[in-house]
Amino acid sequence: MIGFNEETKTFFLNGKNFTYAMRVNSDGYLTHCYYGARVPECDFRYFKPEWVKSFNPGIPDSKHIYADIMQEYSTAYLGDFREPALVPEDERGARVADLSYLSHEILPVKPAIGSGIPTSRGGETLVIVLSDKNTGLSVKLFYTVYDEENILTRRAEIINGTGSTVTLRRALSATVDYYDSDFELMTLEGHHAREKTPEFTKLHHGRTSIGNIRGTTTANHANFTALLRPGTDEEKGEVFATSLIYSGSHYESVEVDESGRCRVSTGINPESFAWKLENGEKFETPELALCYSNRGLGQMSRQYHDFFRNYVINPRWVYTRRPVVLNSWEGMHFSFDRQRLFDTIDALKDSGIELFVLDDGWFGARNNDKAGLGDWFVNEEKLPGGLIAIADRCKQNGIKFGLWIEPEMVNPDSDLYRAHPDWAIAVPGRPAVPSRNQYVLDFSREEVVDYIKKLMYKVISESGASYIKWDMNRPLTENWSYALPADRQGELQHRFVLGVYSLAKYLTESFPDILFEGCSGGGARFDGAMLAYFPQIWTSDNTDADDRTVIQLGTELVFPMSSSSNHVSLSPNIRNGRIICADTRTNIAYGGIFGYEFDVAKYPKEEFERIKADVEKYHEIDDLILRGDLYRGCNRTEGNECVICVVSKDKKRAFATYYQALNPHKQNPRFKIPGLAGDKIYHIAELDVSVPGAVLSNLGICMPRVKKDFASYTLTLEAE
Ligand code: DGJ
């Protein structure tokens, strides 16, 4: 709910549990008043924090100083010395802006963003216009409340009305001010095959920042922050989180100033960004989803999950049951021909597996990762009869066909690169920087995106595929485009991301009934914007079940289980050699969109034979994965064990998984089942007993004693 009090000039944005308030102060600035637990409407003018005036720059013609005002969208170099949201540079090189309130309106429906960055779908939206009366530069701030989810989205538009050119040196999505800094900062850190591991940092005076300049979201730092009040855990404590709906270089920082206030800033990374705005043009920032939880990290996750499911992911797919796939990558890599694929597909008949995905290696001269990217033509030597022959073979065996693509890339050893060397991002006169032997296509150029659009349309429509895995396997380097003038090279990275969105929109809209899965060397581009196109994303190239407990739970801190793609693979694991039993590999992969990834010829017969029953079991619980609420018990990042419980919204059904890494050789493990209704009696199918929810949550259950490491145990609960 959004309200405005005319007399006090205060805006109130109320979610079910939170209030976010700001007001126009006596100097005409839009100042932040309050963000936290829901409070009644009030006149915030009684609350007058004032900082020491000495040596602090004053606002011209006012008795106040800049340091006093907590500007909603902060600028620099006038007297607020904290991190700015906006730094515009005029033709003289001056970098100041003084933004005061001009007008506002409340729109019934959230307006779409013009440049193509995905945003959440939404209703009532507050638009506040700020302007710099000295120059004519203005900023529109957009706020939408998601009541039940306790989410507030924010974004900004910068409009150049100055009569001359302005270069944006920085245009963040938002800054949010807090009156104190009694928080711990949580971020999700990692690298390839170790994505999204929670890290906790004590705030200190000055800035703590994460982010990257790799041109994509990356596995290294997720575009997420959470400020946690002391004592916060899964079930209790205040959490203020941010998740940026964007897939390019991002920046997040928390700054504690000399008075102990803190400011969270987030948006496109200014280090790899500059944007020239001609008079009359506007720039749209990505959207930021702020989440408030007064019941710990668990509630934060569930709120984010509902938000992404109901307002970001395509409704066509979000609650649609997904097929259980076998992906060829870990089992075959590049070494396959038609016969090997046929043998695999034939073996899948009646196995329970529902879709075969042909991963990398089916096109051009792609016999290893050194050649072929960009040549999206079937390698007829390997695959006579083309992809349709593979799709037909799948059909004959009663399964569907899926295909891998990596449309943003080119190998120097490819016909595409030989024909269009300038289509790759590189600086002429310097050796182009390879990564996995490939270059990035310059998607800031429309003709490049158009070429790939046509090619991909043809490939997909002729392939017989009902699933596409879209991969992206290197960061952007050099950041220089043949097509941009020198004073616009700072635009390359963001223009590249807009090109990716344009292709993703085109393909997903052209093939609405094809399921797209995102991927980027595992989960390096697992973000809210990608979810707008891809209802599921490959979570990590690490398929080891033990490592996956950390990676999946880290991913699902923000993103729904229904978006996390998890595969059972061969043991010993090809990445780390760890030996884990089939039960545990299966149980851990159940915690999201379930599938397989192995060489059928090498997969133990008895493990292959159990697949049918395992898939059937998955389909008994997959509506919980798609629609349910996730509750985490003990936390794997802090200890030896974890509990994952997914509960239906009406609390009538639940599926709980207990996992223990090393066997401590003591009493058999006991675990409590979170998220159940205390007053309901649950029948546990595996044990054929009925126990009140309150007892299962407080006393818990004992897992049978096992003599092995990496053990797991699942329970299916139904309220009587
Ligand atoms: C990286 C992905 O994460 C893998 O699953 C696989 O598709 C390879 N790329 C193929 O090159």
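Structural notes, computed from the coordinates. Because the structure is predicted, anything quoted here is derived from the model rather than measured.

This part takes up the overall build of the protein chain. The helix and strand inventory of the protein chain stands at 14 helices and 39 strands. For the protein chain, whose C-alpha radius of gyration is 26 Å, the value lies close to the compact-globule estimate of 27 Å for 720 residues. Seen through its principal axes, the protein chain has C-alpha atoms that stretch 80 × 70 × 40 Å. Going through the 720 residues of the protein chain one by one, you find that 61% of them count as buried. Sequence separation of 24 or more characterises 69% of the internal contacts of the protein chain that already satisfy a separation of 6 or more. As displayed, the protein chain has an accessible area near 26200 Å², and 51% of this comes from carbon and sulfur atoms. Side chains of the protein chain carry 81 positive and 100 negative charges; the gap between the two charge centres is 2 Å.

This paragraph deals with helix H11 (residues 582–589). Taking burial as the measure, the eight residues of H11 include seven buried ones, the bulk of the element. Turning to H11, its buried residues number three or more, namely Ala582, Thr584, Arg585, Thr586, Asn587, Ile588 and Ala589.

The interhelical angle for the contact between helix H10 (residues 545–555) and H11, taken along N-to-C directions, is 15°, at an axis separation of 9 Å. Here H11 runs roughly parallel to H10, going by the angle between their axes. Crossing hand, H10 versus H11: left-handed. Two secondary-structure elements touch here, H10 through Ala545, Arg548, Thr549 and Gln552 and H11 through Thr584, Arg585 and Ile588.

What follows deals with the sheet that holds strand E30 (residues 564–569). Within the closed barrel, the eight strands sit side by side as E22-E23-E24-E27-E28-E29-E30-E31. Their pairing is parallel. Each strand of the sheet is rotated relative to its neighbour by a mean of 30°, with strand direction disregarded. Pairing of strand E24 (residues 400–405) with strand E27 (residues 467–470), which is carried by four bridges, proceeds in the parallel orientation. Looking at E27, one finds that Gly402 is bridged to Tyr467. Of the strands in this sheet, strand E23 (355–358) and E24 are in contact with helix H5 (residues 386–396), which crosses E24 at around 145°.

The next subject is helix H7 (residues 446–463). In a regular helix each residue adds 1.5 Å, so 18 residues correspond to 26 Å; H7 covers 25 Å between its end C-alpha atoms and thus fits that length. All buried positions along H7 are accounted for by Val448, Val449, Ile452, Lys453, Leu455, Met456, Val459, Ile460 and Ser463. In this structure, the buried side of H7 is in contact with H5, E24, E27, helix H8 (492–510) and strand E28 (515–518). At the C-terminal side of H7, Gly464 shows a positive phi close to 75°.

For the rest of this paragraph, the subject is the packing of aromatic side chains. In the structure shown here, the tally under the stated rule is 52 aromatic pairs. Summarising the aromatic geometry, the rings of Tyr20 and Tyr143 are spaced 6.1 Å apart at their centres and angled 50° between planes, so their arrangement reads as tilted. Taken together, the residues span a long stretch of sequence, with Tyr20 in strand E3 (residues 18–24) and Tyr143 in strand E8 (residues 137–146) at a distance of 123 residues. On the basis of relative accessibility, which here comes to 0%, the residue Tyr20 falls in the buried class. For Tyr143, a relative accessible area of 0% gives the class buried. Relative to Phe534, the ring of Phe516 has its centre 6.3 Å away and its plane inclined at 15°; by these criteria the two rings are stacked. Taken together, the positions of Phe516 in strand E28 and Phe534 in the loop between helix H9 (528–531) and strand E29 (536–538) put the pair 18 residues apart, joining distant regions of the chain. The pair formed by Phe516 and Phe534 is uniform in burial state, with each residue classed as buried. One aromatic cluster is present, built from ring pairs that chain together Phe18, Tyr20, Tyr35, Tyr143, Tyr178, Phe183, Phe240 and Tyr292. For the cation-ring pair, Lys382 lies above Phe336, with the distance from its terminal atom to the ring centre recorded as 4.7 Å. We note Arg393 situated over the ring of Phe342; from NZ or CZ to the ring centre the distance is 4.1 Å.

Cut-offs applied
- What you see as residue numbers is a count from 1 along each chain, following the sequence as written.
- Selection of residues for local features in this predicted model requires a pLDDT of at least 70, selection of side-chain atom pairs for listing and counting requires 80 or more, and totals for whole chains, interfaces and linings are taken over all residues.
- Hydrogens are left out, water is left out, and the side-chain values use all remaining heavy atoms of the structure.
- Secondary structure elements are defined from DSSP: runs of H or I of at least 4 residues count as helices, runs of E of at least 2 residues count as strands, and each element is numbered from the N terminus.
- Computation of the radius of gyration draws on C-alpha atoms alone. For the globule rule, the value is 2.2 Å times the number of residues to the power 0.38.
- Remark: exposure states derive from per-residue accessible area (1.4 Å probe, protein chains only) relative to the maximum for the residue type, with buried under 20%, exposed over 50%, and partly exposed in between.
- Residues are treated as being in contact if the distance between any of their heavy atoms lies within 4.5 Å.
- In short, Shrake-Rupley with a 1.4 Å probe defines the accessible areas, and a residue's cover is counted only from the protein chains shown.
- Counted as positive: Lys and Arg. Counted as negative: Asp and Glu. His and the chain ends are not counted at all.
- Taken as the charge location is NZ of Lys, CZ of Arg, CG of Asp or CD of Glu.
- For helices, the fitted line uses only the C-alpha atoms of the stretch in contact; every axis is such a line through C-alpha atoms, and the angle between N-to-C directions lies from 0 to 180 degrees.
- For classification purposes, angles smaller than 35 degrees are called roughly parallel, those larger than 145 roughly antiparallel, those between 65 and 115 roughly perpendicular, and all remaining angles oblique.
- What makes a crossing left-handed is the near helix being turned counterclockwise from the far one by less than a right angle; a clockwise turn instead makes it right-handed.
- Pairing between strands is defined by DSSP: at least two bridges between them are needed.
- Helices are assigned an expected span. That span is 1.5 Å times one less than the residue count.
- For this analysis, a ring pair means two rings from Phe, Tyr or Trp (six-membered ring only for Trp) whose centres lie within 6.5 Å, classed as stacked if their planes differ by under 30 degrees, edge-to-face if by over 60, and tilted for the remaining angles.
- The criterion is that NZ of a Lys, or CZ of an Arg, lies within 6 Å of the ring centre and within 35 degrees of the ring normal, and then a charge sits over that ring.

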